[in-house]
There are 4 protein chains.
Amino acid sequence: MNKKKIGIIGATGYTGSELVRILKNHPDVEISLITSESRDGERFSDVHPFFQGIEDQKLRSINQIGEFDLDLVFLALPHGVSMDFVKKHHNKSFKIVDLSGDFRLQSAADYEEWYNMEHIYPDGIKKAVFGSPELFRSKIKDAKLVANPGCFPTSAILGLAPLLSHNLVEINPIIIDSKTGITGAGIKSNPVNLFSNVNDNFKAYGLKKHRHTIEIQNILDIVADKNTMVQFTPHLLPVDRGILTTIYVRPVGKMDENKLKQIYSEFYDKAPFVRLRNQIPAIKDVRGSNYCDLYISYDERTNMILIVSVIDNLVKGASGQAVQNMNLMLGLNEQQGLNMVPVNP
Amino acid sequence: MNKKKIGIIGATGYTGSELVRILKNHPDVEISLITSESRDGERFSDVHPFFQGIEDQKLRSINQIGEFDLDLVFLALPHGVSMDFVKKHHNKSFKIVDLSGDFRLQSAADYEEWYNMEHIYPDGIKKAVFGSPELFRSKIKDAKLVANPGCFPTSAILGLAPLLSHNLVEINPIIIDSKTGITGAGIKSNPVNLFSNVNDNFKAYGLKKHRHTIEIQNILDIVADKNTMVQFTPHLLPVDRGILTTIYVRPVGKMDENKLKQIYSEFYDKAPFVRLRNQIPAIKDVRGSNYCDLYISYDERTNMILIVSVIDNLVKGASGQAVQNMNLMLGLNEQQGLNMVPVNP
Amino acid sequence: MNKKKIGIIGATGYTGSELVRILKNHPDVEISLITSESRDGERFSDVHPFFQGIEDQKLRSINQIGEFDLDLVFLALPHGVSMDFVKKHHNKSFKIVDLSGDFRLQSAADYEEWYNMEHIYPDGIKKAVFGSPELFRSKIKDAKLVANPGCFPTSAILGLAPLLSHNLVEINPIIIDSKTGITGAGIKSNPVNLFSNVNDNFKAYGLKKHRHTIEIQNILDIVADKNTMVQFTPHLLPVDRGILTTIYVRPVGKMDENKLKQIYSEFYDKAPFVRLRNQIPAIKDVRGSNYCDLYISYDERTNMILIVSVIDNLVKGASGQAVQNMNLMLGLNEQQGLNMVPVNP
Amino acid sequence: MNKKKIGIIGATGYTGSELVRILKNHPDVEISLITSESRDGERFSDVHPFFQGIEDQKLRSINQIGEFDLDLVFLALPHGVSMDFVKKHHNKSFKIVDLSGDFRLQSAADYEEWYNMEHIYPDGIKKAVFGSPELFRSKIKDAKLVANPGCFPTSAILGLAPLLSHNLVEINPIIIDSKTGITGAGIKSNPVNLFSNVNDNFKAYGLKKHRHTIEIQNILDIVADKNTMVQFTPHLLPVDRGILTTIYVRPVGKMDENKLKQIYSEFYDKAPFVRLRNQIPAIKDVRGSNYCDLYISYDERTNMILIVSVIDNLVKGASGQAVQNMNLMLGLNEQQGLNMVPVNP
């Protein structure tokens with residue numbers, strides 16, 4: 001089989017770098033193009049020096065995209081910039097996996113409220129498939145444009161979907177307490193990701209108004225087929241990678257732990273990257289891998305369901321899930337190139 | 001004024017070491033006795049080498065306590081061992097601040113259920129005052145035995161007391177999601193506190209059954225004067241010190257953020273170590289100090305109250321609060337010796 | 001081609017776990033046997049839970065080794081135990097890569113002096129090949145027993161070999177200042193690897209007497225063909241993985257930086273895992289990978305040569321180099337299964 | 001006694017913040033003025049929020065300095081800016097402790113070579129006393145302008161002074177391998193101090209050309225009364241605070257460890273902040289305190305002297321030593337306000 005030709009639009013951030021890390025060992029694709037407007041003409045390994053000798057190809061401008069006969073492009077661009085690219089290129093022959101937030105929400109109105117920005121390509125919202133393979137696998141296979149889920153939403157939605165799809169829990173409020181590594185904040189230097197502000201430290205942020213709130217709520221609404229109310233609080237961990245999400249919901253009827261585990265087991269029967277764990281997982285249990293580990297628990301004393309969900313925010317929460325979507329969109333084996341064993345410790 | 005004579009029973013752990021760190025700069029007391037059964041005869045600085053030249057006194061056996069004319073002793077002992085000491089010495093002239101969990105619960109029945117151990121001195125439970133100065137200051141002043149609060153309970157109770165004392169929130173469930181530094185797990189080496197298991201990592205533990213659940217619930221019951229239902233989940237941070245607790249409660253009537261802040265402001269008007277913060281606090285904001293920092297928030301969209309509470313688990317969550325209690329019990333200025341500015345970064 | 005059958009003797013430590021991580025993605029081998037005396041009968045993923053669903057095979061006792069028709073075994077055993085195994089099994093048909101220190105030194109006398117233990121199988125010392133492929137590739141191909149180098153020695157020897165093989169530097173003293181992540185200290189819990197003793201901390205240890213001193217000196221003696229004098233000081237970093245070694249040597253004749261770089265470039269021309277870096281490398285630049293990154297520098301002002309050498313102690317410093325040796329011993333492509341891209345950040 | 005009036009010029013960095021942390025508990029001084037040009041008019045606790053309720057005074061412009069009757073000012077300014085201030089204000093009545101590098105070198109020529117900048121006030125170099133109380137206590141007492149030593153130089157010079165003042169070691173090369181926490185790089189966000197570039201990482205930097213090389217060499221020249229040759233290599237640790245320096249020197253005559261320890265013991269007999277440690281010190285052993293911990297060792301096998309020196313770079317390496325100098329300059333007890341016990345863990 002000829003290798004599929006892949007483009008990575010936006011090379012300087014973590015998701016771009018992580019896409020290259022994964023795709024270098026993917027047997028069915030080749031990286032034909034990597035772009036960067038700010039570092040155009042330099043080599044990829046000039047921007048990410050640890051790739052010296054591994055990926056030294058020249059970075060190009062996005063304007064050169066026409067010179068390459070691409071099967072699929074990943075957009076590792078900031079939100080706002082992504083929709084511009086998609087609007088311009090949606091008629092091209094290549095498929096698109098967009099890693100930004102531009103096409104994840106279900107309406108331009110929600111986008112404008114939570115992103116404080118006009119959506120310039122609302123048609124794209126209608127066409128885009130939300131790239132959660134565990135929920136929308138068959139739609140993704142046929143999609144031309146996939147909106148790769150946010151990192152927090154990936155962990156929260158996979159933790160909640162089995163309950164909501166069966167209408168087993170109260171949906172107001174759904175309490176989602178998430179903790180993320182710093183790479184979620186991006187590679188640009190600022191006081192938020194200054195070592196001395198993060199190391200040996202911990203804090204909450206974005207109370208009440210983090211954009212992933214509405215993304216989670218939009219998708220849970222679809223899964224539950226009714227209006228949910230999500231209370232989402234992110235926190236910043238002194239670690240590079242990883243998200244752990246703790247979820248608190250109250251069952252609507254009688255519940256017990258066995259029933260609960262049975263429901264999850266059936267729901268994720270065909271999902272190669274969701275592991276139902278025997279122990280409470282830690283974020284290092286999935287580091288560098290595409291797994292989402294779930295731990296399911298019911299507290300009889302309080303009549304509450306507790307779910308712990310763990311991912312690597314750069315892999316299952318971004319570039320790994322993007323490659324999983326690529327595999328589906330290009331008719332490849334869903335697991336191809338994603339067999340990375342977690343790096344622990 | 002003559003300096004008060006203080007004993008520290010149990011020297012090898014973090015709370016013992018932290019008591020010495022604080023008391024060395026306390027102008028009104030002297031450390032007359034430090035005991036350790038396992039390191040008896042060695043110097044305190046042999047056990048904690050960074051005290052070389054600062055505190056080199058010999059460690060004694062607890063059996064020598066009769067040789068010292070003490071005003072107050074701190075028990076930095078494991079639970080189970082503490083109650084044995086208190087039972088034996090409760091008629092002595094010295095006052096006692098117990099840093100273990102032995103006298104914090106409100107009944108021997110709760111103790112036996114949550115600690116899986118018979119309580120050998122239930123009378124002590126009746127006599128002991130729960131050492132939260134912000135709630136029970138006047139009782140502490142008169143107490144002979146103070147049960148110094150647990151670290152998680154300190155952060156949770158100070159975050160919730162104003163709401164519960166005014167019956168402003170639903171009390172089933174009260175969701176308390178806490179994250180702690182590793183020193184909360186003690187100084188004894190085991191896989192839990194192995195560097196490679198903690199570093200760049202994060203996990204939940206003790207779901208549904210952590211002992212601090214019942215301690216929090218017992219005290220909230222008193223504050224609210226009714227039966228509450230606490231859902232408490234601790235998590236382990238890759239940091240040495242610090243607890244951040246995120247609290248989710250639903251108001252019973254109409255609420256707004258100004259009203260909320262007013263309530264807290266009045267409640268903690270006379271509390272020198274509770275700071276109502278203008279920004280969301282981080283754990284390093286209180287590191288090494290006796291502060292409890294609170295951030296108060298109301299989410300109109302979801303009609304939920306969010307409280308973020310931050311302490312240093314070894315100071316306000318243990319040895320610092322113990323010294324604060326000592327000050328009250330010995331008639332000293334409540335703030336004496338506790339003016340440590342947070343060490344940040 | 002039939003897959004080669006591999007045994008891993010000793011499963012509970014980091015090197016055992018890392019061997020499995022690497023070999024799971026090696027196309028030419030299968031892991032036929034994993035042993036553990038302490039966890040015999042449990043699954044590998046019971047011991048290392050993050051392998052759940054990846055490697056769940058049962059652990060066996062070493063006594064069952066006869067039931068398996070193995071091509072090669074890795075010994076991930078403590079020193080002292082390894083030599084016992086080798087003595088007992090050296091006539092078996094399988095080849096052996098020993099990851100302990102038992103066969104690295106060049107004489108039983110050195111072993112007994114630096115390891116404080118009698119060497120029970122001195123014949124093995126004579127037969128064993130020191131498993132540094134960059135120095136002894138052809139010998140390794142023919143070896144039945146390979147002594148896999150220590151982590152510090154790997155970083156130091158690769159940094160110095162080009163200079164010493166050309167007799168370009170003074171050999172008394174050779175100053176080697178190394179800094180390692182904590183996994184070098186093993187998985188067993190003790191105060192040394194307690195999180196609170198390592199986090200936000202740094203210290204030197206083993207001054208003058210670390211066992212890797214003599215291992216480095218033995219091999220440098222061979223490379224230089226004369227007696228060298230190594231001053232080696234290890235330090236403990238608050239990181240999981242990685243060694244950075246800073247080397248200070250004085251040139252014997254005239255030196256300049258271009259000449260220096262030329263020498264290294266030629267020496268490592270055929271070495272797929274040694275990268276001569278354009279920038280000073282950091283340990284995360286090689287994390288999870290089999291690279292040894294070198295930075296070469298000459299200081300005209302002081303007339304000194306400075307070498308910075310970086311490896312992942314669990315990969316190139318242990319299990320990765322062991323697999324590289326396996327590839328050579330089994331006639332496979334030297335790079336097979338070792339194409340892991342560094343995980344950074 | 002009236003409290004001395006102190007000004008802190010430059011409030012936004014770590015040394016400014018650390019000066020306030022120390023001085024808040026100093027009984028003999030008051031902070032009359034804190035300046036910031038960029039945050040003029042805001043409160044100190046707006047810039048460093050963890051000071052809320054502790055130090056809320058308004059920041060002023062440097063132009064307002066004439067309104068305050070100051071006894072001493074600390075300059076927590078970048079180099080280049082400091083000399084401008086000193087040139088302008090050297091005739092004022094207040095004394096000056098400059099924490100920048102502007103007056104530490106012994107000649108304008110050295111300054112211009114290593115700082116790539118013209119020195120605009122060479123007279124200041126002549127007048128300034130190098131603020132190492134252990135070496136120049138009596139000069140500091142009489143000084144109007146003190147150049148507070150750099151962080152690396154403090155650790156290196158205190159480790160070497162006893163040897164060089166007795167001419168006991170070869171002086172070419174003196175090998176100084178230092179490892180520092182990130183706060184040494186300042187508070188300004190850039191890729192160097194980005195969390196993901198520092199966490200779980202380690203690297204060397206500034207090989208051959210770090211400015212502290214010449215500062216160390218200048219002072220060692222004075223101590224030894226001859227020209228030394230310093231090879232200094234800094235490395236960056238994933239910690240907030242602390243420097244550990246490992247020093248390698250060869251004795252000129254016969255040496256043994258007892259003699260060595262005797263020399264250090266006598267040299268630092270009157271130095272309250274130098275501790276000769278029984279064990280190898282770790283950086284957390286001095287965190288938050290003004291100690292410099294030294295460990296002295298002689299290796300008979302190699303005939304080399306090894307010194308390990310440890311400080312908190314923000315305290316003994318900057319603001320603490322600055323306060324120690326202030327105490328001497330104002331005729332106060334040298335230890336006043338500097339009794340902080342190390343915060344460990």
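Nothing here was measured: the structure is a model prediction, and the numbers come from that model.

1. Quick look at the interface of chain A and chain B
So, step 1. Tallying the contact residues gives 49 residues for chain A and 49 residues for chain B.
So, step 2. Interface area lost by chain A to chain B is led by Asp-200, Lys-208 and Arg-301 of chain A, which between them contribute 17%.
So, step 3. For the interface between chain A and chain B, the tally reads 6 salt bridges.
So, step 4. A salt bridge links Lys-208 of chain A to Glu-257 of chain B, with the shortest nitrogen-to-oxygen separation between them at 2.9 Å.
So, step 5. On inspection of chain A and its partner chain B, the count reaches 40 residue pairs in polar contact (both at pLDDT 80 or more).
So, step 6. Where the side of chain A that touches chain B is concerned, the elements lending two or more residues are β7 (174–180), β8 (203–204), α9 (212–224), β9 (230–236), β10 (243–249), β12 (292–299) and β13 (304–311) of chain A.
So, step 7. Taken together, the residues of the side of chain A that touches chain B break down into 25 nonpolar, 12 polar and 12 charged.

2. Some points on the sheet that holds strand β8 (residues 203–204) of chain C
Residues and elements named next belong to chain C.
So, step 1. With mixed pairing, the 7 strands of this open sheet are ordered in space as β8-β9-β7-β10-β13-β12-β11. For this open sheet the edge positions go to β8 and β11 (274–276), each flanked by a neighbour on one side alone.
So, step 2. Pairing of strand β7 (residues 174–180) with strand β9 (residues 230–236) involves 7 bridges; the strand directions are parallel. Counterpart to Ser-178 in the pairing with β9 is Pro-234.
So, step 3. Strands β7, β9, β10 (243–249), β12 (292–299) and β13 (304–311) of the sheet are contacted by helix α7 (residues 151–165), whose axis makes an angle of about 35° with β10.
So, step 4. Packing of helix α10 (residues 257–267) onto the sheet brings it into contact with β11, β12 and β13, and relative to β12 it is tilted by some 155°.

3. A few points about the interface of chain C and chain B
So, step 1. Taken together, the contact between chain C and chain B spans 19 residues of the former and 19 residues of the latter.
So, step 2. A combined buried area of about 1,400 Å² lies between chain C and chain B, and 53% of that area is made up of carbon and sulfur atoms.
So, step 3. Here chain C and chain B share 0 salt bridges between them.
So, step 4. The element that contributes the greatest number of residues to the side of chain C that touches chain B is helix α8 (residues 195–198) of chain C, accounting for 3 residues.

4. Some remarks on the relation of the copies chain A and chain B
So, step 1. It takes a turn of 180° to lay chain A on chain B, together with a shift of 0.0 Å along the axis; the resulting RMSD is 0.0 Å. Considering both components of the superposition, the chain copies are consistent with a two-fold axis. When C-alpha positions in chain A are compared against the rotation axis, the closest is assigned to Pro-238 of chain A, at 3.5 Å.
So, step 2. Of the residues that chain A buries at the interface, 100% are likewise interface residues in chain B, meaning the two copies contact each other through the same surface.

5. Here's the deal with the pattern of salt bridges
All names here are of chain A.
So, step 1. Considering all chains together, one arrives at 84 salt bridges over all chains under this definition.
So, step 2. For Lys-24, the salt bridge goes to Glu-55, with nearest N and O atoms at 3.1 Å. Of this pair, Lys-24 sits in the loop between α1 (14–23) and β2 (29–35) while Glu-55 sits in the loop between α2 (44–47) and β3 (72–75), and the two are 31 residues apart along the sequence.
So, step 3. When the shortest N-O distance is used, the salt bridge between Asp-312 and Arg-241 registers 3.0 Å. Residue Asp-312 is found in the loop between β13 and α11 (315–329), and its partner Arg-241 is found in the loop between β9 and β10; the two are separated by 71 residues along the sequence.
So, step 4. For Asp-312, a relative accessible area of 1% puts it in the buried group.
So, step 5. What you see here is one network of salt bridges that share partners, running through Glu-18, Arg-21, Arg-241 and Asp-312.

6. Re the packing of aromatic side chains
So, step 1. Counted according to the given criterion, the structure contains 40 aromatic pairs over all chains.
So, step 2. Ring centres 6.2 Å apart and planes at 80° place the aromatic pair Phe-103 of chain A and Tyr-121 of chain A in the edge-to-face group. Of this pair, Phe-103 of chain A sits in the loop between β4 (95–98) and α4 (108–115) while Tyr-121 of chain A sits in the loop between α4 and α5 (122–127), and the two are 18 residues apart along the sequence.
So, step 3. For the ring pair Phe-267 of chain C and Tyr-268 of chain C, a centre distance of 5.0 Å and an interplane angle of 80° mean the geometry is edge-to-face.
So, step 4. Taking relative accessible area as the criterion, Tyr-268 of chain C reaches 4% and is therefore assigned buried.
So, step 5. Every member of this aromatic cluster is reached through a ring pair, and the members are Phe-44, Phe-50 and Phe-51 of chain A.

7. A closer look at empty space enclosed by the protein
Rolled over the atoms, a probe as big as a water molecule pinpoints where empty space is left.
So, step 1. Here the structure, examined in full by the defined rule, presents 1 cavity of 30 Å³ or more.
So, step 2. Considered as a void within the structure, the largest cavity measures approximately 80 Å³ in volume.
So, step 3. Lining the largest cavity are Asn-199 and Pro-238 of chain A, Phe-195, Asn-199 and Pro-238 of chain B, Asn-199, Asp-200 and Pro-238 of chain C together with Asn-199, Asp-200 and Pro-238 of chain D.
So, step 4. In terms of residue class, the lining of the largest cavity is built from 5 nonpolar, 4 polar and 2 charged.

8. Quick word on the sheet that holds strand β5 (residues 129–130) of chain B
All names here are of chain B.
So, step 1. Taken together, 6 strands build an open sheet; the order of strands is β2-β1-β3-β4-β6-β5 and the sheet is parallel. Sheet topology places β2 (29–35) and β5 at the edges, where each strand pairs with a single neighbour.
So, step 2. In this structure, strand β1 (residues 4–9) lies alongside strand β3 (residues 72–75), joined through 4 bridges in parallel fashion. Looking at β3, one finds that Gly-7 is bridged to Val-73.
So, step 3. Its contacts with the sheet place helix α3 (residues 81–89) against β1, β3, β4 (95–98) and β6 (145–147), and it is angled at close to 155° to β3.

9. Quick look at the environment of Ser-36 of chain B
Residue and element names in this part refer to chain B.
So, step 1. Relative to the helices and strands, Ser-36 resides in the loop between β2 and α2 (44–47).
So, step 2. Residues Ser-36 and Val-169, 133 residues apart in the sequence, show an inter-C-alpha distance of 46 Å.
So, step 3. Not counting the four nearest positions on each side in its chain, Ser-36 is found in contact with Ala-11, Thr-12, Leu-59, Arg-60 and Ser-61.
So, step 4. Engagement of the side chain of Ser-36 in a polar contact is seen with the backbone nitrogen of Arg-39, the distance being 3.0 Å.

10. Notes on unusual backbone geometry
So, step 1. A cis amide bond, omega 5°, links Asn-344 of chain A with the succeeding residue Pro-345 of chain A.
So, step 2. Take Pro-345 of chain A: it is sitting in the segment after α11.
So, step 3. For Asn-303 of chain C, which is not a glycine, the phi torsion comes out positive at approximately 55°.
So, step 4. Mapped onto the fold, Asn-303 of chain C is located in the loop between β12 and β13.
So, step 5. Here Asn-303 of chain C falls in the partly exposed class, since its relative accessible area comes to 27%.
So, step 6. Its identity is not glycine, yet Asp-200 of chain D carries a phi of approximately 55°, on the positive side.
So, step 7. With respect to the secondary-structure elements, Asp-200 of chain D resides in the loop between α8 (195–198) and β8 (203–204).

Rules and cut-offs
Residues numbered from 1 in each chain as written. Chains lettered and ligands numbered in written order. Predicted model: local features only at pLDDT ≥ 70, side-chain atom pairs only at ≥ 80, totals over all residues. Heavy atoms only, no water. Contact = heavy atoms within 4.5 Å. Buried area = accessible area lost by both parts, 1.4 Å probe. Salt bridge = Lys/Arg side-chain N within 4 Å of Asp/Glu carboxyl O. Polar contact = N/O pair within 3.5 Å; in protein donor to acceptor, adjacent residues only side chain to side chain. Helix = DSSP H or I, 4+ residues; strand = E, 2+ residues; numbered from the N terminus. Nonpolar A, V, L, I, M, F, W, Y, C, P; charged D, E, K, R; others polar. Pairing = 2+ DSSP bridges. Axes fitted to C-alpha atoms, helices over the stretch in contact; angles between N-to-C directions. Least-squares fit on C-alpha atoms with pLDDT ≥ 70 in both. Buried < 20%, exposed > 50% of the residue type's maximum accessible area, 1.4 Å probe, protein only. Phe/Tyr/Trp six-rings, centres within 6.5 Å; stacked < 30°, edge-to-face > 60°. 1 Å grid on protein atoms, 1.4 Å probe; cavity = no way out; pocket = protein on both sides within 12 Å on 5 of 7 lines; lining within 4 Å. Points joined across faces, edges and corners; volume = space filled by probe spheres on them.

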